[in-house]
Amino acid sequence: MMTPALLSVALLLLVLLPGAPARRRKSESHSSESHSDEISSAEVQPPPNCVTPLSLLVSDSVTNTPNQTYSTCVVYRGILLGGMRRLQETNKKFQFTYTEDANYGPYLQSVNDLEGSTEDRTYWELLVNKGNETIRPDVGIGCYIPSENDQIILNFNKY
């Protein structure tokens with residue numbers, strides 16, 4: 001059966017594709033890990049198979065600060081988290097952190113130094129503008145697969 005071979009190839013591709021993980025919260029990071037924040041744009045180029053463009057809108061419904069819009073891309077059938085990492089590597093004005101939940105996967109903690117808080121009852125909401133409608137995906141940044149020209153909306157909100 002070819003399943004183990006396909007899994008091995010998929011794992012090898014994940015290891016060989018360029019891109020560093022997003023910075024995790026300091027309490028989540030391992031002491032043996034070190035990631036440089038100084039990355040020149042010459043070092044980080046979108047992979048040639050980065051074929052699905054998307055825009056990312058950062059909005060704040062709590063304090064109503066001005067929206068910020070960014071452009072990025074994902075590889076064919078790639079996840080949003082990959083596009084967000086690529087954007088963070090190539091644009092120093094965009095930063096995000098997340099925590100990893102063993103049951104639910106990546107959970108967006110902060111964007112551009114604005115962090116969600118249980119005390120303040122704030123969080124980052126994932127919305128997607130599909131042109132004629134805005135949806136709330138039933139998956140998060142680690143599972144959502146953007147379509148071409150999606151507008152991803154990371155909205156800081158209260159619950």
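Being a predicted model, the structure only gives us computed values, none of them experimental.

**Considerations on the state of the cysteines**
- As enumerated under the stated definition, the model contains 1 disulfide in all.
- One disulfide in the model links Cys 50 with Cys 73; its S-S distance is 1.8 Å. Its S-S torsion of approximately 120 degrees makes the covalent link between Cys 50 and Cys 73 right-handed. Residue Cys 50 is located in the loop between helix H1 (3–16) and strand E1 (52–60), and its partner Cys 73 is located in strand E2 (residues 68–74); the two are separated by 23 residues in the primary sequence. The same class applies to Cys 50 as to Cys 73, namely buried.

**Regarding the environment of Thr 52**
- Structurally, the position occupied by Thr 52 is in strand E1.
- Each residue touching Thr 52, except ones within four places of it in the same chain, is listed here: Thr 72, Cys 73, Val 74, Val 75, Tyr 76, Pro 146, Ser 147 and Glu 148.

**Section: the sheet that holds E2**
- Pairing within the open sheet is mixed, and its 5 strands lie in the order E2-E1-E8-E6-E7. Here the strands that pair on one side only, and so sit at the sheet edges, are E2 and strand E7 (134–135).
- Alignment of E1 against strand E8 (residues 150–158), held across 7 bridges, turns out to be parallel. Residue Ser 59 lies in a different strand from E8, and its bridge partner there is Asn 155.
- Of the strands in this sheet, E1, E2, strand E6 (122–129) and E8 are in contact with helix H2 (residues 80–90), which crosses E2 at around 115 degrees.

**Considerations on the layout of surface pockets**
- Quantified by volume, the second largest pocket comes out at close to 420 Å³.
- The wall of the second largest pocket is formed by 18 residues, among which Pro 106, Tyr 107, Trp 124, Gly 140 and Ile 141 lie closest to the centre.
- Contributing elements (two or more residues each) for the lining of the second largest pocket: strand E4 (105–111) and E6.
- By residue class, the composition of the lining of the second largest pocket is 12 nonpolar, 3 polar and 3 charged.

**A short note on the side chain of Ser 59**
- The residue Ser 59 is located in strand E1 in this model.
- At 2.7 Å, the side chain of Ser 59 and the side chain of Asn 155 are in polar contact.
- Residue contacts for Ser 59: discarding those within four places in its chain leaves Asn 67, Trp 124, Ile 153, Leu 154, Asn 155 and Phe 156.

**Description of the pairing of E6**
- In terms of burial, E6 is largely enclosed, as 6 of its 8 residues are buried.
- Both E6 and E7 contribute to a ladder of 2 bridges, which runs antiparallel. By the bridge assignment, Asn 129 is partnered in E7 with Thr 134.
- Connecting E6 to the antiparallel partner E7 that follows it, the hairpin turn spans 4 residues, and Gly 131 within it adopts a positive phi of roughly 100 degrees.

**Quick notes on the sheet that holds E4**
- Pairing in this open sheet of 3 strands is antiparallel, and the strands run E3-E4-E5 from one edge to the other. Looking at which strands have only one partner, the edges of the open sheet turn out to be strand E3 (96–101) and strand E5 (114–115).
- Bridge count for E3 against E4 is 6 bridges, and the pairing is antiparallel. Bridged to Asp 101 within E4 is Gly 105.
- The strands touched by H2 are E3 and E4; relative to E3, the strand with the most contacts, the crossing angle is about 145 degrees.

**Digging into the environment of Leu 81**
- Relative to the helices and strands, Leu 81 resides in helix H2.
- Using a relative accessible area of 4% as the deciding quantity, one classes Leu 81 as buried.
- For the pair Leu 81 and Leu 108, spaced 27 residues apart in sequence, the C-alpha separation works out to 9.8 Å.
- Once you skip the residues sitting within four places of it in the chain, Leu 81 turns out to touch Phe 96, Tyr 98, Pro 106, Ile 141 and Gly 142.

The rules we used
Residues numbered from 1 in each chain as written. Predicted model: local features only at pLDDT ≥ 70, side-chain atom pairs only at ≥ 80, totals over all residues. Heavy atoms only, no water. Disulfide = S-S within 2.5 Å. Helix = DSSP H or I, 4+ residues; strand = E, 2+ residues; numbered from the N terminus. Buried < 20%, exposed > 50% of the residue type's maximum accessible area, 1.4 Å probe, protein only. Contact = heavy atoms within 4.5 Å. Pairing = 2+ DSSP bridges. Axes fitted to C-alpha atoms, helices over the stretch in contact; angles between N-to-C directions. 1 Å grid on protein atoms, 1.4 Å probe; cavity = no way out; pocket = protein on both sides within 12 Å on 5 of 7 lines; lining within 4 Å. Points joined across faces, edges and corners; volume = space filled by probe spheres on them. Nonpolar A, V, L, I, M, F, W, Y, C, P; charged D, E, K, R; others polar. Polar contact = N/O pair within 3.5 Å; in protein donor to acceptor, adjacent residues only side chain to side chain.

Everything listed here is a matter of geometry and, on its own, says nothing about what the molecule does.
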